[in-house]
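Structural description and commentary
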Amino acid sequence: MESKVNIISDTEHELEVKLEYAEIKNEIEEAYKKERKSIQMPGFRKGKVPMGMLKKVYGETIEYKASEDIANKKFWDIANEQNIKPLNMPSMTNLNFEMDKFLEFSVKYEVKPTLKLKGYKNLEIEKPIFKVREDDVENEISNMLKTKATFTVADIIEDNNFRITVDLQRIDDKGKDIEGSKSTNMVIDLSDSKVNADIAKNAQKKKITETFQFTFNDEHTHGDHVHKEEFIYVATINKIEKIILPEEDEKLFQELSGKKAKTLVELKDLTRDNYKKYFTEQSDKMYYNSLLEKIVENNDFTPSTGYVDNIAKRLLEAERRNAEQQKLPNFNEEAVKQNLKPKAEWNAKWQIILENIAEKEKLTVGDEDLEKIAKDEAVKTGISADKLVKYYKDAGRLESLLEEKVLDFLKANNKAVEFDPEEKAKKEKAKKKKSPAKKTKETTKKSENKK
């Protein structure tokens, strides 16, 4: 057998193979035996046609068909021997077979490019550190208690411990109704800290069928321009209910906490700890995302189209399954596919960069890693370690373990620069007040005055 690999580009190779007929004769004979079982000729039952007659009548057809199957098998045999790892399904570009002489074939396939890595160590990446505010804890406790609240119908709103049902009508600055801007039977909890302050204030001492007015100010940016808009509403009260919170006792706190707290203090501590855990997870996630974005940016390249398409197909299939599970109607496959393109391309880049980092830093995983995990899981699940190892291999656990090892390496070799996101937001807001546009206008006016 003769074989050689042609380097077409950084991402595409081609394997050329030539085999003498004697090297594939056994496979050819097996093909005859297989085909013979289904062939019937006059005077002979199915599967009983003499081999000589079979070769004479159908030999060319059977051998040419077999040659393609043999070429496919030989390609993967050679790929395993030479550690060739195609990124997508290889394609046969040439198949030349002559009976009793030789089999020649060529297969093109995409490969992981070898990158000249840079800028993946000793980086300084910002990491937001979120603080748990006591207001958030108090509001969460309040929301928990409200899940067990009861309601009694009332005639008048005496304070914020009321729930009201209203019809809302937007009006213009002259007090006229704006057509198409009415909402009916909106339920508003006046004790909710997120409720518009005007609503809670202006609803006080109101009765059923009475009205009150409130304003809602919307502020958002378009580039450097801040757009402000005022919305004026009239609310008509349809129903008033007083919120009766449950009696605070050990039974209630155990129920609200899943039996983890017995007192209000313990429930607050548990809630505070849950916030801290959530904020830590979000902070780590944002840090890792920023780190990986920077590494991909520092080592940017164009991944092969086939590899990106394969990743896009997997992402699309995951979205389709999610839509089915959530019973979402009108799943627009084409629109989802278009939206996933940037994500698929980024994932392709990261996966290739990850594998290059693993090779350069000699980070490896093997069966022993799976066996170690399987032994721990076997004790918990009762499933044998051997079965778990097989399952892990089929599920691609080795790939995920390698990624975990690379992420641990990156975490150890880069620096997280912690910052307070609230303080940063305040500084950025202050900077926007001194926008370049305003400075340009001021400079222009000064220039005109000098003239």
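Report on the accompanying structure.

Turning our attention to the overall build of the protein. Of the regular secondary structure elements, the protein holds 13 helices and 11 strands. In terms of overall size, the protein is more extended than a compact globule, its C-alpha atoms giving a radius of gyration of 35 Å where 451 residues would be expected to give roughly 22 Å. By its C-alpha atoms, the protein is 105 × 75 × 50 Å across when sized along the principal axes. Restricting the contact set of the protein to residue pairs at least 6 apart, pairs at least 24 apart contribute 67%.

Another point: the pattern of salt bridges. According to the stated counting rule, one finds 34 salt bridges in the structure shown. Note that R272 and D269 form a salt bridge whose closest N and O atoms lie 2.8 Å from each other. Remark: D269 and R272 occur in helix α6 (residues 264-298); sequence separation between them is 3 residues, near one turn of the helix. Take D269: its relative accessible area is 35%, and that puts it in the partly exposed class.

As a further point, take the environment of P342. Position of P342 relative to the elements: it lies in helix α8 (residues 333-360). Classification of P342 by relative accessible area gives exposed; the value is 55%. As a C-alpha pair, P342 and A312 span 30 residues in sequence and 9.2 Å in three-dimensional space.

If you walk across this open sheet you meet the 4 strands as β1-β2-β4-β3, and the pairing is antiparallel. The strands lining the two open edges of the sheet, one partner per strand, are β1 (2-7) and β3 (91-98). The mean angle between the axes of side-by-side strands here comes to 10°, regardless of whether they run parallel or antiparallel. The sheet contact formed by β1 and strand β2 (residues 12-20) spans 6 bridges and is antiparallel. Opposite V5, over in β2, you have L15 as the bridge partner.

Considering all chains together, one arrives at 12 aromatic pairs under this definition. Geometrically, the ring pair formed by F75 and W76 is edge-to-face, given 5.0 Å between the ring centres and 75° between the ring planes. For F75, a relative accessible area of 3% translates into the label buried. We classify W76 as partly exposed; its relative accessible area is 38%. Measuring from centroid to centroid gives 6.0 Å for Y278 and F279, while their planes differ by 50°, and the two rings are tilted. A cation over an aromatic ring shows up here: K127 above the ring of Y287, its NZ or CZ 5.7 Å from the ring centre. Taking the ring centre of F151 as reference, the NZ or CZ of R163 above it sits at 3.6 Å.

All right, on to a negative patch on the surface then. Where like charges cluster on the molecular surface, the negative patch consists of E247, E248, D249, E250 and E266. Relative to the elements of secondary structure, D249 occurs in the loop between β10 (225-244) and α5 (250-257). Given a relative accessible area of 32%, D249 falls into the partly exposed group.

Right, let's get into the packing of α6 against α8. At a minimum axis separation of 10 Å, α6 and α8 run at an interaxial angle of 85°. Between α6 and α8, the crossing angle belongs to the class labelled roughly perpendicular. Together, L292, E293, I295 and V296 of α6 and W346, K349, W350, I353 and I357 of α8 make up the contact between the two elements. Here the contact of α6 with α8 is composed, by residue class, of 7 nonpolar, no polar and 2 charged.

Moving on: helix α11 (residues 397-412). Across its 16 residues, α11 extends 23 Å between first and last C-alpha, which sits within 8% of the 22 Å expected from 1.5 Å per residue. L401, L402, V406, F409 and L410 are the residues of α11 that are buried. Those residues of α11 that are buried lie in contact with α6, α8 and α9 (367-381).

What follows deals with the nonpolar core. The tendency in soluble globular proteins is for nonpolar side chains to be buried as a group. With 33 residues, the main nonpolar core has I295, W350, I353, I357, V406 and L410 as its most contacted residues. Mapped by element, the contributors of at least two residues to this core are α6, α7 (305-325), α8 and α11. At 10 residues, α8 tops the list of elements feeding residues into this core. In this structure I357 touches L117, Y120, I295, V406, F409 and L410, once residues within four positions along its chain are discounted. Of all hydrophobic cores here, the second largest spans 26 residues; its members include V17, Y32, A71 and F75.

A few words now on the side chain of S257. Inspection of the secondary structure puts S257 in helix α5. Judged by relative accessible area, which is 8%, S257 ranks as buried. A polar atom in the side chain of S257 sits 2.7 Å from the backbone oxygen of F253. Those residues in contact with S257 that sit more than four places away from it in its chain are L267 and L270.

On to the environment of L54, then. In this structure, L54 sits in helix α2 (residues 51-81). Residue L54 is classed as buried on the basis of its relative accessible area, which comes to 0%. A sequence separation of 15 residues divides L54 from I39, and the C-alpha atoms of the two residues are 8.6 Å apart. With near-sequence residues (within four places) excluded, L54 lies in contact with Y32, R36, I39, V49, G59 and I62.

All right, on to the pairing of β3 then. Where a strand is regular, its side chains alternate between the two sheet faces. Strand direction decides the pairing type here: β3 and strand β4 (residues 102-110), joined by 7 bridges, are antiparallel. Within β4, the position partnered with F97 by the bridge is L103. Connecting β3 to the next strand, β4, in antiparallel fashion are 3 residues, including D100 with a positive phi near 70°.

Conventions and cut-offs
Within each chain, residue numbers correspond to sequence positions counted from 1 in written order. Reporting of local features is limited, given that this is a predicted model, to residues whose pLDDT is at least 70; pairs of side-chain atoms are given and counted only at 80 or more, and all residues count toward the totals for whole chains, interfaces and linings. Here the side-chain values reflect all heavy atoms present in the structure, with hydrogen atoms and water set aside. Put simply, DSSP marks the helices as runs of H or I at least four residues long and the strands as runs of E at least two long, and each gets a number from the N terminus on. Just to be clear, the radius of gyration here is over C-alpha atoms, and the globule rule we use is 2.2 Å times residues to the power 0.38. What makes two residues a contact is simply this: any of their non-hydrogen atoms within 4.5 Å. Each salt bridge in this description consists of a side-chain nitrogen of Lys or Arg and a carboxyl oxygen of Asp or Glu lying within 4 Å of one another. Three labels apply to residues, based on accessible area from a 1.4 Å probe with only protein chains included: buried if under 20% of the type maximum, exposed if over 50%, partly exposed otherwise in between. Here the rule is simple: two strands pair whenever DSSP picks up at least two bridges between them. To get an axis, a line is fitted to the C-alpha atoms, and for a helix only the part in contact is used. The angle between two axes follows their N-to-C directions and goes from 0 to 180 degrees. Centres within 6.5 Å are what make two rings of Phe, Tyr or Trp a pair, Trp counting through its six-membered ring; a difference in plane orientation under 30 degrees is then read as stacked, over 60 as edge-to-face, and the rest as tilted. Only Lys NZ and Arg CZ are tested; either one counts as a charge over a ring when it is within 6 Å of the ring centre and within 35 degrees of the ring normal. Patch membership needs two things, relative accessible area over 30% and no salt bridge, and members are linked within 9 Å if like-charged or within 5 Å if nonpolar (Val, Leu, Ile, Met, Phe, Trp, Tyr). Where accessible areas are quoted, they stem from the Shrake-Rupley method and a 1.4 Å probe; at the residue level, only the protein chains shown are allowed to cover. Under the convention used here, Asp and Glu are negative, Lys and Arg are positive, and both His and the chain ends fall outside the count. Taken as the charge centre is NZ of Lys, CZ of Arg, CG of Asp or CD of Glu, depending on the residue. For classification purposes, an angle smaller than 35 degrees is called roughly parallel, one larger than 145 roughly antiparallel, one from 65 to 115 roughly perpendicular, and anything else oblique. The classification used treats Ala, Val, Leu, Ile, Met, Phe, Trp, Tyr, Cys and Pro as nonpolar, Asp, Glu, Lys and Arg as charged, and all other residues, Gly among them, as polar. Any helix carries an expected span of 1.5 Å times its number of residues minus one. Take the buried residues of types Ala, Val, Leu, Ile, Met, Phe, Trp, Tyr and Cys, join any two whose side-chain atoms come within 4.5 Å, and each joined set is a nonpolar core. Within 3.5 Å is the distance limit for a polar contact, defined as a pair of N or O atoms, with the added protein rule that one can donate a hydrogen and the other accept it, and that residues adjacent in sequence qualify only through two side-chain atoms.

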